[in-house]
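Structure assessment
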Amino acid sequence: MIMHRHFSIQFAAAILVAFTAPITAVQAATLTTVKYESSVNVQKTNFNKFVTLPKFDPKLGELQKVFVQLGSEVQGSIQLENLDAEPADVTANLSAEVSLLKPDKSILLTTLPTASIAKSFAADDGTQDFSGLSGATYNNLSNSKTASTSFTSDFGLFIGSDTLTLPVTAVAKSSGTGAGNLAQIFQTLAGAKVEVVYEYYIKKPEEPKREIPESSIPLSALAAVGVCTLLKSKYPRSAE
Ligand SMILES: [Ca+2]
């Protein structure tokens, strides 16, 4: 991150003012984050599973924000055979509704990852083998979705020295349309990855007071030290 020049000068002015006035002790607090992940492996639907994540330990500091993300994936296959006496334009979706629930089973986040197929089939070729002129088989289909939410209050669920166990459910929603007489087979698998980020202030002990008499440091001396030096010490550039 590179500061714009005029922005730096404004900061420099602010620092000069602060530096010439007596510095009083202020409780130093650093905003930081910690991230945890827990997954449910891709498997056949439907299922009811759980993820387990550490709660935020209040000994670490003061919690400001909780970010929760659900990443979901659908995998599997679709088999189609048009059984109509006429050609048909068939569409089919391999789809799973993957949800992250609160311990009370209410929905925290929900997603619907979907892999879609669209195909024009000839009239029934007489053999229901999901291939030939009127049918097809699609393996190794997949798609993913993410959803997220944040909390800035009501942290009760997330605070403690133990773990948080949240249900994850997956319900197959696969379906096909486009022919009145249509044979279809779906194998719908789903998986989930849940991420929680706690953003909090680390409480630090108060720094000792530094009293600097205004008269002992004239502004000209500060100018000689150089604004750049001050900026460098107060606002180190992050390596990027
Ligand atoms: Ca066929």
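Residues numbered from 1 in each chain as written. Predicted model: local features only at pLDDT ≥ 70, side-chain atom pairs only at ≥ 80, totals over all residues.

**Looking at the overall build of the chain**
If you tally the helices and strands in the chain, you get 3 helices and 10 strands. In sequence order, the secondary structure elements of the chain are arranged as α-β-β-β-β-β-β-β-β-β-β-α-α. Considering the chain as a whole, with its 240 residues, one finds that 23% of them fall into the buried category. (Helix = DSSP H or I, 4+ residues; strand = E, 2+ residues; numbered from the N terminus. Buried ≥ 20, exposed ≤ 12 C-beta atoms within 10 Å, placed from the backbone.)

**Overview of the sheet that holds strand β3 (residues 62-82)**
As summarised here, the arrangement of the 4 strands in space is β1-β10-β3-β7, forming an open sheet in which the pairing is antiparallel. Among the strands making up the open sheet, the edge pair consists of β1 (29-44) and β7 (135-151). Pairs of neighbouring strands in the sheet enclose a mean axial angle of 15 degrees, with direction left out of account. (Pairing = 2+ DSSP bridges. Axes fitted to C-alpha atoms, helices over the stretch in contact; angles between N-to-C directions.)

**What to know about the environment of Thr32**
Mapped onto the secondary structure, Thr32 falls in strand β1. As for Thr32 and Tyr201, which are separated by 169 residues in sequence, their C-alpha atoms are 6.2 Å apart. In contact with Thr32, other than residues within four places in its own chain, are Tyr200 and Ile202. (Contact = placed C-beta atoms within 7 Å.)

**Brief notes about the pairing of strand β10 (residues 182-203)**
Here 14 bridges tie β1 to β10, and the two strands are oriented antiparallel to one another. Residue pairing in the sheet places Lys44 in a bridge with Leu189 of β10. Strand direction decides the pairing type here: β3 and β10, joined by 20 bridges, are antiparallel. Looking at the pairing, Ile78 lines up with Phe186 of β10.

**Some thoughts on the environment of Ser161**
One can find Ser161 in the loop between β7 and β8 (163-172). Measuring from C-alpha to C-alpha, the distance between Ser161 and Phe56 comes to 6.9 Å, with 105 residues separating the pair along the chain.

**Considerations on the environment of Phe47**
Following the sequence through the fold, Phe47 ends up in strand β2 (residues 47-54). C-alpha separation for the pair Phe47 and Ala172, spaced 125 residues apart in sequence, amounts to 9.3 Å.

**As for the pairing of β3**
Pairing analysis gives 15 bridges linking β3 to β7, with the strands arranged antiparallel. In the strand pairing of β7, Leu70 is matched with Ala147.

**What to know about unusual backbone geometry**
Looking along the chain, the bond that leaves Thr45 and enters Asn46 is cis, with omega of 0 degrees. Tracing the backbone shows Asn46 in the loop between β1 and β2. For Phe130, which is not glycine, the phi torsion reads 55 degrees and is therefore positive. Mapped onto the secondary structure, Phe130 falls in the loop between β6 (114-121) and β7.

**Structural notes on the confidence of the model for the chain**
When pLDDT is averaged across the chain, the result is 83; 73% of the residues are at 70 or more. Here residues 1-26 is a poorly scored stretch, pLDDT under 50, and it has 24 contacts once near neighbours within four places are set aside; other chains count. Low pLDDT, under 50, characterises residues 221-240; the stretch is placed with 14 contacts to residues that sit more than four places away or in other chains. (pLDDT = per-residue confidence, 0-100.)

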